[in-house]
Amino acid sequence: MCGIVGHTGRRDIIAALVEGLEKLEYRGYDSAGIALAESGGLKTVRSVGRISRLREKLAGIVTDARCGIGHTRWATHGKPTEVNCHPHLSFGRRFAVVHNGIIENCRELRALCEDRGISPVSDTDSELIAHLLEFNYEGDPLRAVRKTADMLTGSFAVAALLADFPDEIYALRRTSPLLIGVGRGYTCLASDGCALEADCVYSLGDGQYARLTPSGAEFYSRGRRVSPRKIPPFDAAHCVRGGYEHFMLKEICEQPEAAARTVEALSGRRLRGRLLMIGCGSSYHAALSALPLAERATGKAACATTAGEFLCSEKTDGRGRTAVLISQSGETADTVAAAEEAARRGYSALAVANVPRSSLTRVCRRSVLTHAGPEISVATTKGFTSQAAALSAMLAPPPLAEEVRRLPFAIERALNCDGDASAAARLLKADKAAFFIGRKSDLGTALEGALKLREITYIPAFGLSAGELKHGSIALIEEGTPVVLVHTDPQLKDKSLLTAATVRARGGRVIAVTPDDEVAAAADLALRIPAVHPLLSPAVAVVPLQLLAYRAAVALGRDVDKPRNLAKSVTVE
Ligand code: F6R
């Protein structure tokens, strides 16, 4: 989703801002812009589309600015047009503002602006912040920042320039993350550690605001100076592709280490009692794929649901139950809201997140971390496997503990099917539907395989329970329709063989993801995976599906790491 960068004290200000924005590209965006604090006033340059278009617009611009802010926008309020693009200027051009998040009282604020004779030029909620800052400014920038923050409801991370102080940046945040870095002779900020290069990195606390100057940053809360909270520097190795053609492929290959770190960190942690597992997208699939293991481990009925559905479900009593909130980013708005709602309903809320000190870990009473490391590709891969590994580590009964420790090796062996995945990708056609089916633990894996294919190739891919195929969807199966059958549970072999035969009898092409010889032989093509306990299989069986989607997307010439319309973390409900 939207991304923020800012620098003060840089001679190469345009290059510093654009390079920062490029590091945020992976989050998904549809327009980008920068603002410069020049001696003659504030100047903005904005463009719709890729950062490369912004670069073209900036070519040849000479500036005396040493300070500026930049933004990548993922449209929510208003279309992706240049006028809606950040940075936004205030009515008197005194302030330039970039904003991540959603201002919930934007209607009231728009009316307030109009009452004072200011007609906002964009459809955005963000522009209103710039006008409020100028309304509230009487010579003391920090006072204006504080007064403005008090007028906003919702989530925000904001960086602002003020023409009167051209080497300062003002930052404020509530809920949405914002980091501040101090380097030699310059100070910078970013919404994501990936875009920060600095000797010391601090997290701007929730509800805090800050003033950045070339020599450092001052942090404030409710009018008082506060000590900043230092955080470990970001591992820049995660931000470079390091010889891989795409981040997605790099991250697929990093899965054995990610799973190993996660299993190591979580061994000894146990999930008990009646569990409700909640997530969105792939994180929901991780929850669903762990459901049979959860029921085996606890001996009690468990449930998996999407955060969006949980939020609109009946407000039943959750006392005595644990809600497990799963999220790679820890910033997904639906999941964070579901965590708050779960607490209100009496559940004990546990976060399983990949990003420490994220919004989700803050709102849940307890949290554990997956250790996938930063994920850059929009389509999650190592995020999913480390969630599956984490749930396996926390749920597997003692006799399976050794198998859990061996999962990273099985994941590594599953990577060997890349060649077969390329062959399977050739069975897929851009405009023809594909099906992904499985039962029990394989259902979540199948849904995840379908989502991977859909999101990065745009092929209409349906994930469903293998048992459901005959209840309607089979109508779509015709000569050549690819059906990916995930089969890992020996007890379900007869059912899988029957499903494969049923599909092939109608001309469908079965691609089996399985360790089983017979099921492999019953398919048109097999992606062989090592045998692990079926309840632990999702972290392994998903690997060929990721490779299949990846190879198909490359063959179709898709923008693998930045699929259309998608954002890395969906911070709006
Ligand atoms: C799919 C994908 C999304 C996310 C979903 C939840 O590849 O990445 O479906 O899984 O938006 O995100 P997190 O896990 O960050 O809450």
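Residues numbered from 1 in each chain as written. Predicted model: local features only at pLDDT ≥ 70, side-chain atom pairs only at ≥ 80, totals over all residues. Heavy atoms only, no water.

Below, the discussion takes up the overall build of the chain. A count of helical and extended segments in the chain gives 19 helices and 25 strands. Its C-alpha atoms give the chain a radius of gyration of 25 Å, near enough to 25 Å, the size a compact globule of 573 residues would have. With the principal axes as the frame, the chain shows a C-alpha extent of 75 × 50 × 45 Å. A buried classification covers 61% of the 573 residues belonging to the chain. Here the contacts in the chain between residues at least 6 apart in sequence split such that 71% fall between residues at least 24 apart. (Helix = DSSP H or I, 4+ residues; strand = E, 2+ residues; numbered from the N terminus. Rg over C-alpha atoms; globule rule 2.2 N^0.38 Å. Buried < 20%, exposed > 50% of the residue type's maximum accessible area, 1.4 Å probe, protein only. Contact = heavy atoms within 4.5 Å.)

Of the pairings in the sheet, the one linking strand S9 (residues 179–182) to strand S11 (residues 200–203) comprises four bridges and is antiparallel in character. In the strand pairing of S11, Ile-180 is matched with Tyr-202. The pairing of S11 with strand S15 (residues 229–231) spans three bridges and is classified as antiparallel. Paired with Ser-203 across the two strands is Arg-229, which belongs to S15. (Pairing = 2+ DSSP bridges.)

In this approach a probe as big as a water molecule rolls over the atoms, and the regions it shows empty are the leftover space. Evaluation of the coordinates by the stated rule reveals three cavities of 30 Å³ or more. Taken together, Ser-289, Ala-290, Leu-293, Ala-388, Leu-391, Ser-392, Leu-535 and Pro-538 make up the lining of the largest cavity. It is helix H13 (residues 382–395) that provides the largest number of residues to the lining of the largest cavity, a total of three residues. In terms of residue class, the lining of the largest cavity is made up of six nonpolar, two polar and no charged. (1 Å grid on protein atoms, 1.4 Å probe; cavity = no way out; pocket = protein on both sides within 12 Å on 5 of 7 lines; lining within 4 Å. Points joined across faces, edges and corners; volume = space filled by probe spheres on them. Nonpolar A, V, L, I, M, F, W, Y, C, P; charged D, E, K, R; others polar.)

Below, the discussion takes up the environment of Gly-268. Within the secondary structure, Gly-268 is located in the loop between helix H7 (255–266) and strand S16 (274–279). Given the relative accessible area of 72%, Gly-268 is considered exposed. Counting along the chain gives 225 residues from Gly-268 to Lys-43, while the straight-line C-alpha distance between them is 56 Å.

Below, the discussion takes up the site of the ligand. Around the ligand, the surrounding shell holds 14 residues, and the nearest of these are Ser-283, Ser-327, Ser-329, Thr-332 and Glu-455. A distance of 2.6 Å separates an oxygen atom of the ligand from a polar atom in the side chain of Ser-329. The side chain of Thr-332 places a nitrogen or oxygen atom 2.4 Å from an oxygen atom of the ligand. Computed on the free molecule, the ligand has an accessible area of 400 Å², of which 90% lies beneath the protein chains in the complex. In this structure, the ligand is accommodated by the second largest pocket. Looking at the shell around the ligand, the elements with two or more residues in it are helix H8 (281–289) and helix H16 (441–457). Partitioned by chemical class, the residues of the shell around the ligand number four nonpolar, eight polar and two charged. No fewer than three residues from each of domain 2 (241–405) and domain 3 (413–560) sit in the shell around the ligand. (Near = heavy atom within 4 Å. Polar contact = N/O pair within 3.5 Å; in protein donor to acceptor, adjacent residues only side chain to side chain. Areas by Shrake-Rupley, 256 points an atom, 1.4 Å probe, with all protein chains shown as cover. Sits in = over half its atoms within 2 Å of the grid points. Domains from an automatic or database assignment.)

The end-to-end C-alpha distance of helix H11 (residues 333–344) is 17 Å, a good match for the 16 Å that 12 residues give at a rise of 1.5 Å each. Just downstream of H11, Gly-346 is the residue with a positive phi angle, here 100 degrees. (Expected span 1.5 Å × (residues − 1).)

The next point concerns the environment of Asp-418. Its place among the elements puts Asp-418 in helix H15 (residues 418–425). Distance from Asp-418 to Ala-265, taken between C-alpha atoms, is 29 Å for residues 153 residues apart in sequence. Among all residues touching Asp-418, those that are not within four sequence positions of it are Leu-547 and Arg-551.

Further remarks concern the sheet that holds strand S21 (residues 434–438). With parallel pairing, the five strands of this open sheet are ordered in space as S22-S21-S23-S24-S25. At either end of the open sheet lies a strand with only one pairing partner, and these are strand S22 (461–465) and strand S25 (525–528). Pairs of neighbouring strands in the sheet enclose a mean axial angle of 20 degrees, with direction left out of account. Running at roughly 160 degrees to strand S24 (residues 509–514), helix H17 (residues 493–505) makes contact with S21, strand S23 (482–486) and S24 of the sheet. Contacts from helix H19 (residues 538–555) reach S21, S23, S24 and S25 within the one sheet, and its direction differs from that of S23 by about 160 degrees. (Axes fitted to C-alpha atoms, helices over the stretch in contact; angles between N-to-C directions.)

Taken as a whole, the second largest pocket spans an internal volume of roughly 520 Å³. Breaking the lining of the second largest pocket down by element, the ones donating at least two residues are H8, strand S18 (321–327), H11 and H16. A class-by-class count of the residues in the lining of the second largest pocket yields 10 nonpolar, 10 polar and five charged. Lining the lining of the second largest pocket are residues from two domains, each supplying at least three of them: domain 2 (241–405) and domain 3 (413–560).

Before going further, it helps to examine the pattern of salt bridges. Applying the stated rule across the entire model yields 29 salt bridges. Residue Lys-382 is joined to Glu-254 by a salt bridge in which the shortest nitrogen-to-oxygen separation is 2.7 Å. With Lys-382 in helix H13 and Glu-254 in the loop between helix H6 (247–253) and H7, this residue pair connects regions lying 128 residues apart in the sequence. Across the salt bridge formed by Glu-455 and Lys-452, the nearest N and O atoms sit 3.1 Å from each other. Linking Glu-455 with Lys-452, this pair stays in helix H16, spanning three residues, or about one helical turn. Across the pair, exposure class does not vary: Glu-455 and Lys-452 are buried alike. Overlapping salt bridges bring together Lys-315, Glu-341, Arg-344 and Arg-345 as one network. (Salt bridge = Lys/Arg side-chain N within 4 Å of Asp/Glu carboxyl O.)

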